[in-house]
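Geometric and topological summary
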Amino acid sequence: MSNVSDLLDSVPKGLWLGGKLVPAEKTFAVYNPATGEELAQVADATAADGIRALDLAAAAQEDWAATPARVRGEILRTAFELLHARAEDFALMMTLEMGKSLAESRGEVNYGGEFLRWFSEEAVRIGGRFTQAPAGNGRILVTKEAVGPVLAITPWNFPLAMGTRKIGPALAAGCTIIVKPAEDTPLTMQLLGQVFADAGLPDGVLSILPTSDAASISGPLMEDARLRKVTFTGSTGVGKLLVRGAADKLLRTSMELGGNAPFIVFDDADIDAAVDGAMLAKMRNGGEACTAANRIYVANSVREEFTDKFTAKVAALKVGAGDAEGTNIGPLINTKQLATVTGLVDDAVSKGARVRTGGSAPEGAGFFFTPTVLDQVPADARLLKEEIFGPVAAVVGFDTEDEAIAAANNTEYGLVAYFYTRDIDRAMRVSAKLDTGMVGVNRGAISDAAAPFGGVKESGFGREGGTEGIDEYLDTKYVAL
Ligand code: ADP
């Protein structure tokens, strides 16, 4: 297909309730951030729809958990293959509703698909343990059981992958799941609903509930004792609200929250490699990633060289609609985000930061911001403390390793840190001292379905991907024999 109007006509607009598409009472508009124009009207789920989805999820839970792991895995595998068969539709859909370039959207189809493939393989490896009691008076049997119905709330920056990262392990573990996609980008998840319907997922197991009022869905669901888990990717503020809300029923929670990633270039780094890594860590997804390098600390002895080369590459990025030929950087997601990024840049410049390239939003339609490099950014600039979520790089100099580590850790966030060095001792030493859940050493991108993604401090808790990812959806049961 992959023709814009055909794709928009064909995307399911109703509610996926337990795997069946049903018409919704009301709808809301989804916009193209490159033009500000409406793309489609999609179902606007109500609190009652949420409870209907939970009725179906709770009814299907026991059978789904009892379905052989091999069968669960094979459904996930089929979904992976169907996703790839429709890769161009998924890529175009993401570009239209989220704004990223088609090349990046294709990358997300691959990345997002990997969670379906990986967890299709993990489903059959849910293990347990069997030991003798030390006193010799019995045996200890440890088994893993599906947590139960899950609510997944996902963000707009990776409309596909942030969903598959939760749906993959939940289904592999034998949990039923209700997905509440972000209101800016629900259409990609609507397409994924079709993939799972076509892959033969049994009735009741998966519901998808786009809504213009997230809390009206999540609130009643989290008060219902049948729901057993909330998994969330989004802002730290909303994550805290959800954890508070989860306290009442003591729901299991996984929280992938904000980041404020430092990117450190030591004086012994391969500067060209560090520049390429910074381009990836900063500009991938237009900077709209919780893993995006927010603060670039460069050893003063190499700072001019790094910043000159980095600025030249940033200035060469082509800004435009994601589906236009040659686009590197698409629009930001919405006017609110454009105002946030503009405000952060203006604040830094007013406090003395130097604009090396970019610095403002171009004229015209759409929510674009020109890729920007700021250097000599003062310590009190807000963008060193707050998530930028845009194509804006802030460069700060440092003199010693200890100074760089202290600066890197000086944040309430702790998702990921990147650094470049050619000294293996330094690589080990610095990795150990960084207060983050993930570290990229001489790497500007770290995400991998086979690796545990997640943070510490106010970046949240829980891991997605890897062998750890499925544990989030399993409870431990001890049987004394
Ligand atoms: P961002 O600021 O990047 O949009 P949010 O944390 O606001 O990130 O959004 C991430 C997801 O959380 C979206 O699906 C959004 O609809 C949902 N969300 C926002 N506020 C709430 C809330 N109060 N309760 C439940 N979900 C929410």
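Not measured: the values here are computed from a predicted model.

This part is about the sheet that holds strand β13 (residues 293–299). Pairing within the open sheet is mixed, and its seven strands lie in the order β14-β15-β16-β13-β12-β17-β18. Edge positions in the sheet fall to β14 (354–357) and β18 (438–441), since each of these pairs with one other strand and no more. The mean inter-strand angle of the sheet, taken between neighbouring strand axes irrespective of direction, is 25°. Of the pairings in the sheet, the one linking strand β12 (residues 261–265) to β13 comprises five bridges and is parallel in character.

Bringing the UniProt feature "active site" (unreviewed entry) in the protein chain into the picture now. Mapped onto this numbering, the UniProt entry annotates "active site" (unreviewed entry) at Glu256. With near-sequence residues (within four places) excluded, Glu256 lies in contact with Phe232, Thr233, Gly234, Leu415, Phe453, Gly454, Gly455, Ser459, Gly462, Arg463 and Glu464.

A word on the pattern of salt bridges. Scanning the model with the defined rule gives 29 salt bridges in all. For Lys180, the salt bridge goes to Glu183, with nearest N and O atoms at 3.5 Å. Judged by relative accessible area, which is 3%, Lys180 ranks as buried. Here Glu305 makes a salt bridge to Lys309, at a shortest N to O gap of 3.1 Å. Here Glu305 and its partner Lys309 are both found in helix α11 (residues 300–315), four residues apart, which amounts to about one turn of the helix. In this structure Glu305 comes out as partly exposed when scored by relative accessible area, which is 39%. The class of Lys309 is partly exposed, set by a relative accessible area of 32%. Each of Asp267, Asp268, Glu401, Arg426 and Arg429 takes part in one network of salt bridges that share partners.

Taken together, 17 residues form the shell around the ligand, and within it Thr154, Trp156, Lys180, Glu183 and Ser235 come nearest. Thr154 is positioned such that a nitrogen or oxygen atom in its backbone is 2.7 Å from an oxygen atom of the ligand. Trp156 places a polar side-chain atom, nitrogen or oxygen, 3.0 Å from an oxygen atom of the ligand. Relative to its unbound accessible surface of 550 Å², the ligand loses 78% to contact with the protein.

The way to describe two aromatic rings as a pair is by their centre distance and the angle between their planes. Applying the stated criterion to the full structure yields seven aromatic pairs. An angle of 25° between the planes, with centres 5.4 Å apart, marks the rings of Phe306 and Phe310 as stacked. Placement of the pair is Phe306 and Phe310 together in helix α11, with a separation of four residues, close to one helical turn. Relative accessible area serves as the criterion here: at 0%, Phe310 is assigned to the buried category. Here the aromatic cluster, defined as three or more aromatic residues joined through ring pairs, consists of Phe263, Tyr418 and Tyr420. Sitting over the face of the ring of Tyr473, Lys229 holds its NZ or CZ atom 4.9 Å from the ring centroid.

Looking at the secondary structure, you find Asp44 in the loop between β4 (38–43) and α2 (47–66). For Asp44, a relative accessible area of 5% puts it in the buried group. Side chain to side chain, Asp44 and Ser212 meet in a polar contact 2.7 Å long. Contact partners of Asp44, with chain neighbours within four places excluded, come to Ala24, Lys26, Thr27, Phe28, Asp49, Pro210, Thr211, Ser212 and Asp213.

As a further point, take unusual backbone geometry. Look at Asn285: it is not a glycine, yet its phi comes out positive at around 60°. Among the secondary structure elements, Asn285 is positioned in the loop between α10 (271–283) and β13. The phi angle at Lys457 is positive, at roughly 50°, despite the residue not being glycine.

Attention now goes to the packing of helix α3 (residues 69–85) against helix α7 (residues 187–198). Interhelical geometry of α3 versus α7 gives an angle of 130° and a closest axis separation of 9 Å. In terms of orientation, α3 and α7 fall into the oblique class. The chirality of how α3 crosses α7 is right-handed. Each of Leu76, Ala79, Leu82 and Leu83 in α3 lies in contact with α7, whose residues at this interface are Leu192, Val195, Phe196 and Asp198. Tallied by class, residues from the contact of α3 with α7 come to seven nonpolar, no polar and one charged.

Paired through backbone hydrogen bonds, the strands of a sheet run either parallel or antiparallel to each other. Read from one edge to the other, the open sheet built from three strands follows the order β5-β6-β20, with strand pairing classed as antiparallel. The open sheet terminates on both sides in strands that have one partner only, identified here as β5 (129–132) and β20 (474–480). Pairwise comparison of adjacent strand axes, ignoring direction, gives a mean angle of 20° for this sheet. Of the pairings in the sheet, the one linking strand β6 (residues 139–146) to β20 comprises seven bridges and is antiparallel in character. By the bridge assignment for β20, Thr143 is matched with Lys477.

Cut-offs used in this document
- Residues numbered from 1 in each chain as written.
- Predicted model: local features only at pLDDT ≥ 70, side-chain atom pairs only at ≥ 80, totals over all residues.
- Heavy atoms only, no water.
- Pairing = 2+ DSSP bridges.
- Helix = DSSP H or I, 4+ residues; strand = E, 2+ residues; numbered from the N terminus.
- Axes fitted to C-alpha atoms, helices over the stretch in contact; angles between N-to-C directions.
- UniProt positions renumbered as here; feature names shortened; annotations may be inferred.
- Contact = heavy atoms within 4.5 Å.
- Salt bridge = Lys/Arg side-chain N within 4 Å of Asp/Glu carboxyl O.
- Buried < 20%, exposed > 50% of the residue type's maximum accessible area, 1.4 Å probe, protein only.
- Near = heavy atom within 4 Å.
- Polar contact = N/O pair within 3.5 Å; in protein donor to acceptor, adjacent residues only side chain to side chain.
- Areas by Shrake-Rupley, 256 points an atom, 1.4 Å probe, with all protein chains shown as cover.
- Phe/Tyr/Trp six-rings, centres within 6.5 Å; stacked < 30°, edge-to-face > 60°.
- Lys NZ or Arg CZ within 6 Å of the ring centre and 35° of its normal.
- Parallel < 35°, antiparallel > 145°, perpendicular 65-115°, else oblique.
- Left-handed = near helix turned anticlockwise from the far one by under 90°.
- Nonpolar A, V, L, I, M, F, W, Y, C, P; charged D, E, K, R; others polar.

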